[in-house]
Amino acid sequence: MVQTSKIISAPAAADLPPQVEEEDALDGSSGEPAELRTCVAAQGMHGQRLDRALAALAPEFSRSYLQQLIAQGCAQVNDQTATRAAHRLRAGDRFAIELRPTPASQAFVPQAMPLDVVHEDEHLLVINKPAGLVVHPAAGNWSGTLLNGLLARDAQAALLPRAGIVHRLDKDTSGLMVVARTRQAMDALVRQIAARQVRREYLALAHGAWRGEPKQEVNAPIGRDPRQRLRMTVVDLSRNPGKPAQTFIELLCNLERGCVLRCLLGTGRTHQIRVHLAHLGHPLLGDALYGGAPAAGMTRQALHARRLAFQHPVTSAPLAFEAPPPPDLSAALSAWGIHST
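These lines cover the structure that appears in this document, whether it is placed above or below. (Residues numbered from 1 in each chain as written. Predicted model: local features only at pLDDT ≥ 70, side-chain atom pairs only at ≥ 80, totals over all residues. Heavy atoms only, no water.)

## Here we look at the pattern of salt bridges
Now for step 1: All chains considered together, the criterion is met by 22 salt bridges.
Now for step 2: Across the pair arginine 37 and glutamate 60 runs a salt bridge, and its minimum N-O distance is 2.8 Å. Here the residue arginine 37 occupies a position in strand E2 (residues 35-40), and glutamate 60 occupies one in the loop between helix H1 (50-57) and helix H2 (63-71), the gap between them amounting to 23 residues.
Now for step 3: On the basis of relative accessibility, which here comes to 18%, the residue arginine 37 falls in the buried class.
Now for step 4: If you follow the salt bridges from partner to partner, you end up with Arg199, Glu201, Glu250, Arg262, Arg306, Arg307 and Glu322 in one network. (Salt bridge = Lys/Arg side-chain N within 4 Å of Asp/Glu carboxyl O. Helix = DSSP H or I, 4+ residues; strand = E, 2+ residues; numbered from the N terminus. Buried < 20%, exposed > 50% of the residue type's maximum accessible area, 1.4 Å probe, protein only.)

Set out below in structure tokens:
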């Protein structure tokens, strides 16, 4: 199947603007010069742990990050390498720390990469994101993200928060995203998203024959899974923190081995479609985090943002775009004997 992208006409329901994730991590890959900061332990510091003393010496770094630096041999006491955060200082000890930039501080750098640009004007881009591309730098993915690619593609992206990114797709979800190129456009798009005036439609392949109504609205709050912090789950808001979440689901094709669904976001919570479908007993193919398994050749979650519609943030013209399923999803549909959705 030849993959193309086309503009279509349509109108509006979406998700909230992203929250920047921050987490200390250390990979030792910095090419930036380090700063050596030294101090002599005063009488009042006698018996104090090394990591606590360093936290006072370098308050702009978290204590956990300083502990990582200590473990990597970046700290000294009396000109000897100290690798134990719990080392107890004595009054008069000369201690030092080699301060290296955190990966987070170096994440916002240009990195050229091919981007499938569906639409571009002076105010915005629409991009067809491939599965496997992380949208925003975070722990474990400080480089090679869409944000890095945007900074390399457009110098003015550096002037915008998050390089103009106003919403996200999970790493292994493919499909359409809108990115602002000006502050005026960014502010307007964030308002549209918050007001649920951006229509985002997903194609999903899920396990099991569909058992419910062919069209249904799912209203089930989502929060962090208290038993597994990497997961989200449907929660009882009277017992656990979470936020209301709404997904509109329409059955497109039903088979004994699985179902093909159209999903529209009413809200945009983390992993929302994945969580809601798993809650209904139909986890996505390939979505191991939420109970899915590889099937029909899909080894990543079978979710694709195929339609995107919104009002141009500056001209107010209606815009709508469509991106067909990528090759792996197309092959999965073909394996199920489905050739159009």
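There's plenty left to go through after this.
## A few points about unusual backbone geometry
For residues that are not glycine, phi is negative in most cases, and the peptide bond is trans in most cases.
Now for step 1: Positive phi values are uncommon outside glycine, yet aspartate 79 reaches one of about 65 degrees.
Now for step 2: Among the secondary structure elements, aspartate 79 is positioned in the loop between strand E3 (75-77) and strand E4 (80-81).
Now for step 3: Taking the relative accessible area as the measure of exposure, aspartate 79 reaches 52% and is therefore exposed.
Now for step 4: Even without glycine at this site, alanine 163 takes up a positive phi of about 55 degrees.
Now for step 5: As for its position among the elements, alanine 163 is in the loop between helix H3 (146-153) and strand E8 (174-180).
Now for step 6: The buried category is assigned to alanine 163, whose relative accessible area is 5%.

## Let's talk about the sheet that holds E4
Now for step 1: Taking strand neighbours across the sheet as the criterion, the 4 strands line up as E2-E5-E3-E4 in an open arrangement whose pairing is antiparallel. The sheet is open, and its two edges are formed by E2 and E4, each paired on a single side.
Now for step 2: The sheet contact formed by E3 and strand E5 (residues 94-99) spans 3 bridges and is antiparallel. Bridging from a neighbouring strand, valine 77 pairs with phenylalanine 95 of E5.
Now for step 3: Across the sheet, H2 is in contact with E3 and E5; its angle to E5 comes to roughly 100 degrees. (Pairing = 2+ DSSP bridges. Contact = heavy atoms within 4.5 Å. Axes fitted to C-alpha atoms, helices over the stretch in contact; angles between N-to-C directions.)

## Describing the packing of aromatic side chains
Any aromatic ring pair is given by two values, namely how distant the centres are and how the planes are angled relative to each other.
Now for step 1: A full pass over the atoms with the stated rule returns 2 aromatic pairs.
Now for step 2: Taken together, a centroid distance of 5.6 Å and an interplanar angle of 15 degrees make the contact between phenylalanine 61 and tyrosine 65 stacked.
Now for step 3: Phenylalanine 61 sits in the buried class, given a relative accessible area of 16%.
Now for step 4: Where phenylalanine 310 meets phenylalanine 321, the ring centres are 6.1 Å apart and the plane angle is 35 degrees; that geometry is what we call tilted. (Phe/Tyr/Trp six-rings, centres within 6.5 Å; stacked < 30°, edge-to-face > 60°.)

## Things to note about the side chain of histidine 312
Now for step 1: When you line up the elements, histidine 312 lands in the loop between strand E15 (303-311) and strand E16 (318-322).
Now for step 2: On the accessibility criterion, histidine 312 (5% relative accessible area) is buried.
Now for step 3: At a separation of 3.0 Å, a polar atom in the side chain of histidine 312 contacts the main-chain amide nitrogen of valine 314.
Now for step 4: Aside from chain neighbours lying at most four places away, what touches histidine 312 is Asp121, His123, Leu124, Gln192, Ala317 and Leu319. (Polar contact = N/O pair within 3.5 Å; in protein donor to acceptor, adjacent residues only side chain to side chain.)

## Quick word on the packing of H1 against H2
Now for step 1: Put simply, H1 and H2 touch, their axes get as near as 9 Å, and they point 120 degrees apart. Relative to H2, H1 is oriented oblique. The hand of the H1/H2 crossing is right-handed. Contact residues: Leu50, Asp51, Arg52, Leu54 and Ala55 in H1; Arg63, Leu66, Gln67 and Ile70 in H2.
Now for step 2: Residue classes in the contact of H1 with H2 are distributed as 5 nonpolar, 1 polar and 3 charged. (Parallel < 35°, antiparallel > 145°, perpendicular 65-115°, else oblique. Left-handed = near helix turned anticlockwise from the far one by under 90°. Nonpolar A, V, L, I, M, F, W, Y, C, P; charged D, E, K, R; others polar.)

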